Amino acid sequence: MAIQGPIPVSFEQAFPHGCFIVGEVEQVKNFEASTGGKTVYARDKTTGEPIWQVPVMDGDPNLKAGQKTIAVKILSETEPVAPPALAGLPIAPVEFTGMTITPYVNPAGRLAYSYRATGMKPARPKQQTAPAGREAAA
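## Things to note about the pattern of salt bridges
At step 1: Here the structure, examined in full by the defined rule, presents three salt bridges.
At step 2: Between Arg 116 and Asp 44 there is a salt bridge whose closest N-O contact spans 2.7 Å. Of this pair, Arg 116 sits in strand S8 (residues 111-117) while Asp 44 sits in the loop between strand S3 (26-27) and strand S4 (51-58), placing them 72 residues apart in sequence.
At step 3: For Asp 44, a relative accessible area of 12% translates into the label buried.
At step 4: Between Glu 95 and Arg 124 there is a salt bridge; the shortest N-O distance is 3.2 Å. Of this pair, Glu 95 sits in strand S6 (residues 92-97) while Arg 124 sits in the segment after strand S9 (119-122), and the two are 29 residues apart along the sequence.
At step 5: Put simply, Glu 12, Glu 95 and Arg 124 are held in one network by salt bridges that share partners.

## Notes on the side chain of Glu 95
At step 1: Residue Glu 95 is classed as buried on the basis of its relative accessible area of 6%.
At step 2: Within the structure, the side chain of Glu 95 is placed 3.0 Å from the backbone nitrogen of Arg 124, a separation counted as a polar contact.

## Some thoughts on the nonpolar core
At step 1: Counting residues in each nonpolar core, the largest one holds 20 residues, and the members touching the most others are Phe 15, Val 54, Val 56, Val 72, Phe 96 and Met 99.
At step 2: Of all elements in the fold, only helix H1 (11-14), strand S2 (19-21), S4, strand S5 (69-75), S6 and S8 reach the threshold of two or more residues within this core.
At step 3: In this structure, Met 99 is in contact with Ile 7, Pro 8, Val 9, Phe 11, Ala 14, Phe 15, Tyr 115, Arg 116 and Ala 117, ignoring residues within four places of it in sequence.

## So, the packing of aromatic side chains
At step 1: With the rule as written, the count across this model stands at two aromatic pairs.
At step 2: Taking 5.6 Å as the distance between ring centres and 35° as the angle between the ring planes, the aromatic pair formed by Phe 11 and Phe 15 counts as tilted.
At step 3: Since its relative accessible area comes to 1%, Phe 15 is described here as buried.
At step 4: Of the aromatic side chains, those joined through ring pairs into one cluster are Phe 11, Phe 15 and Tyr 115.

## Let's talk about the layout of surface pockets
At step 1: Looking at the largest pocket, its volume works out to about 500 Å³.
At step 2: Contributing to the lining of the largest pocket are 20 residues, with Gln 67, Ile 70, Ala 112, Tyr 113 and Tyr 115 lying nearest its centre.
At step 3: Secondary structure elements with two or more residues in the lining of the largest pocket: S5 and S8.
At step 4: Top contributing element to the lining of the largest pocket by residue count: S8, with five residues.
At step 5: A class-by-class count of the residues in the lining of the largest pocket yields ten nonpolar, five polar and five charged.

## Some thoughts on the environment of Pro 61
At step 1: Inspection of the secondary structure assignment puts Pro 61 in the loop between S4 and S5.
At step 2: Counting along the chain gives 44 residues from Pro 61 to His 17, while the straight-line C-alpha distance between them is 8.1 Å.
At step 3: Apart from residues lying up to four places away in sequence, Pro 61 is in contact with His 17 and Lys 68.

## A word on the pairing of strand S7 (residues 100-105)
At step 1: Where strand S1 (residues 7-8) lies against S7, two bridges are found, and the strand directions are antiparallel. Bridge pairing in S7 links Ile 7 to Ile 101.
At step 2: Sheet topology note: the S7/S8 ladder contains six bridges and is antiparallel. Each residue of the ladder has a partner; that of Ile 101, found in S8, is Tyr 115.
At step 3: Between the end of S7 and the start of S8, which pair antiparallel, lie five residues, with Gly 109 showing a positive phi angle near 85°.

Scoring rules and cut-offs
Residues numbered from 1 in each chain as written. Predicted model: local features only at pLDDT ≥ 70, side-chain atom pairs only at ≥ 80, totals over all residues. Heavy atoms only, no water. Salt bridge = Lys/Arg side-chain N within 4 Å of Asp/Glu carboxyl O. Helix = DSSP H or I, 4+ residues; strand = E, 2+ residues; numbered from the N terminus. Buried < 20%, exposed > 50% of the residue type's maximum accessible area, 1.4 Å probe, protein only. Polar contact = N/O pair within 3.5 Å; in protein donor to acceptor, adjacent residues only side chain to side chain. Core = buried A, V, L, I, M, F, W, Y, C linked by side-chain atoms within 4.5 Å. Contact = heavy atoms within 4.5 Å. Phe/Tyr/Trp six-rings, centres within 6.5 Å; stacked < 30°, edge-to-face > 60°. 1 Å grid on protein atoms, 1.4 Å probe; cavity = no way out; pocket = protein on both sides within 12 Å on 5 of 7 lines; lining within 4 Å. Points joined across faces, edges and corners; volume = space filled by probe spheres on them. Nonpolar A, V, L, I, M, F, W, Y, C, P; charged D, E, K, R; others polar. Pairing = 2+ DSSP bridges.

Listed below in structure tokens is the structure:
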């Protein structure tokens, strides 16, 4: 098999309609290693970096409600800083850098994907294009 491990993807491939942070950045716990009130945090098996996660809502208008929110895991020695929320709203447009996806079969026997990144930043504004037959103002 030619592809093994996480598959590199661009942010635009993973989220062509953009995505929005809808919760807090949290460090991922290693439940197997945590015992007796002592919390152990997860580290990436390859890089050894701490793993953080943030819930995001996919901007794809065609997704069903149950498919809209996922967690993106971020590998970083320090806690990633979320971009600021939109004025008056509890969401923040975001872009992830260094993205990979890992396909797996979930407990229900369906294909699912684990999303990982090495960083995040505020989303860039989308480029507006002029309607056909009109030129953009200079």
